[in-house]
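Letter by letter, the chains look like this.
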Amino acid sequence: MSSNVKRQAGSSKSKAKLLKTKGSEAEGYFTISDKVSKVDWYKFSVPAPGQHVGLTLYYMLDGDISYQILDSKGKIVYDSDEEGELPEGFYRFWMNGEYSKGTYYVKVFKGSKKSSFNYTIVLAMSE
């Protein structure tokens, strides 16, 4: 992650930034002054049933970070809060699994008011 992180996410689910396959990546950040209700949105499409999808999140964290993957109906298919507390500092977290055909949304947000972090999210998908 560079020190010049650009906010590339969509500000709402309807404005979610499209992540394309084959190593597509995007950057974002949250500062202490950002409200806890602020959310960064991304989306990706799975063209065939049973495709393997991998999302990697690299982050530099001071506080708490949360993220979820939702299907097109809003059902949470992955929730970072189920993994327990994520450590502060520079880390890499990888989420992978098989997904049904459809559109999915990635929601990144602060876990607490005093949190600040920057991150890069990378999408990989099997052919």
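The following paragraphs examine the structure supplied in this document. Values in this document were obtained by computation on a predicted structure and should not be read as measured data.

Thoughts on the overall build of the protein
Next, step 1: A tally of helices and strands in the protein yields zero helices and nine strands.
Next, step 2: Starting at the N terminus and walking to the C terminus, you meet the elements of the protein as β-β-β-β-β-β-β-β-β.
Next, step 3: Since a compact globule built from 127 residues should have a radius of gyration of about 14 Å, the 14 Å found for the protein is in line with a globular shape.
Next, step 4: If you line up the protein on its principal axes, its C-alpha atoms span 40 × 25 × 25 Å.
Next, step 5: Within the protein, the proportion of its 127 residues that are buried is 45%.
Next, step 6: For the protein, restricting intrachain contacts to residue pairs at least 6 apart in sequence, the fraction spanning at least 24 positions comes to 79%.

Digging into the packing of aromatic side chains
Next, step 1: By the definition in use, this model includes eight aromatic pairs.
Next, step 2: Note on Phe30 and Phe117: the rings are 5.0 Å apart at their centroids and 35° apart in plane angle, and the pair reads as tilted. Pair noted here: Phe30 is in strand 2 (residues 24-30) and Phe117 is in strand 9 (residues 116-125), with a separation of 87 residues, a long-range link. Taken as a pair, Phe30 and Phe117 share a single burial class, namely buried.
Next, step 3: Each ring, one from Phe117 and one from Tyr119, has its centre 6.2 Å from the other, and the planes form 45°; the classification is tilted. Tyr119 matches Phe117 in its accessibility class, with the two residues each being buried.

So, the pairing of strand 3 (residues 39-46)
A regular strand carries its side chains on alternate faces of the sheet.
Next, step 1: With six of eight residues buried, strand 3 is to be regarded as a mostly interior element.
Next, step 2: Strand direction decides the pairing type here: strand 1 (residues 17-18) and strand 3, joined by two bridges, are parallel. Counterpart to Lys17 in the pairing with strand 3 is Tyr42.

Some points on the nonpolar core
Next, step 1: With 27 residues, the main nonpolar core has Tyr42, Phe44, Leu55, Ile69, Val108 and Tyr119 as its most contacted residues.
Next, step 2: Listed by contribution, the elements that provide at least two residues to this core are strand 2, strand 3, strand 4 (51-62), strand 5 (65-71), strand 7 (89-99), strand 8 (102-110) and strand 9.
Next, step 3: In this structure Phe44 touches Leu18, Leu19, Val53, Leu55, Ile69, Tyr99, Gly102, Thr103, Tyr104, Val106, Leu123 and Met125, once residues within four positions along its chain are discounted.

Definitions and cut-offs
- Numbering of residues begins from 1 in every chain and follows the order in which that chain's sequence is written.
- Residues qualify for local features only when their pLDDT is at least 70, as the model is predicted, and side-chain atom pairs are given and counted only at 80 or more; totals for whole chains, interfaces and linings, by contrast, use all residues.
- Hydrogen atoms and water are omitted, and side-chain values are computed over all heavy atoms in the structure.
- We count a stretch as a helix when DSSP gives it H or I for four or more residues in a row; a strand needs E for two or more, and each element gets its number in order from the N terminus.
- Only C-alpha atoms enter the radius of gyration, while the globule expectation follows 2.2 Å times N to the 0.38, with N the number of residues.
- Accessible area is worked out with a 1.4 Å probe on protein chains only. A residue is then buried under 20% of its type maximum, exposed over 50%, and partly exposed in between.
- Two residues qualify as a contact provided that any one of their heavy atoms is within 4.5 Å of a heavy atom in the partner residue.
- When two rings of Phe, Tyr or Trp (its six-membered ring) have centres within 6.5 Å they constitute a pair, described as stacked for plane angles under 30 degrees, edge-to-face for angles over 60, and tilted for the intermediate range.
- Pairing between two strands requires that DSSP report at least two bridges joining them.
- Side-chain atoms within 4.5 Å link the members of a nonpolar core, which is a set of buried Ala, Val, Leu, Ile, Met, Phe, Trp, Tyr and Cys residues.

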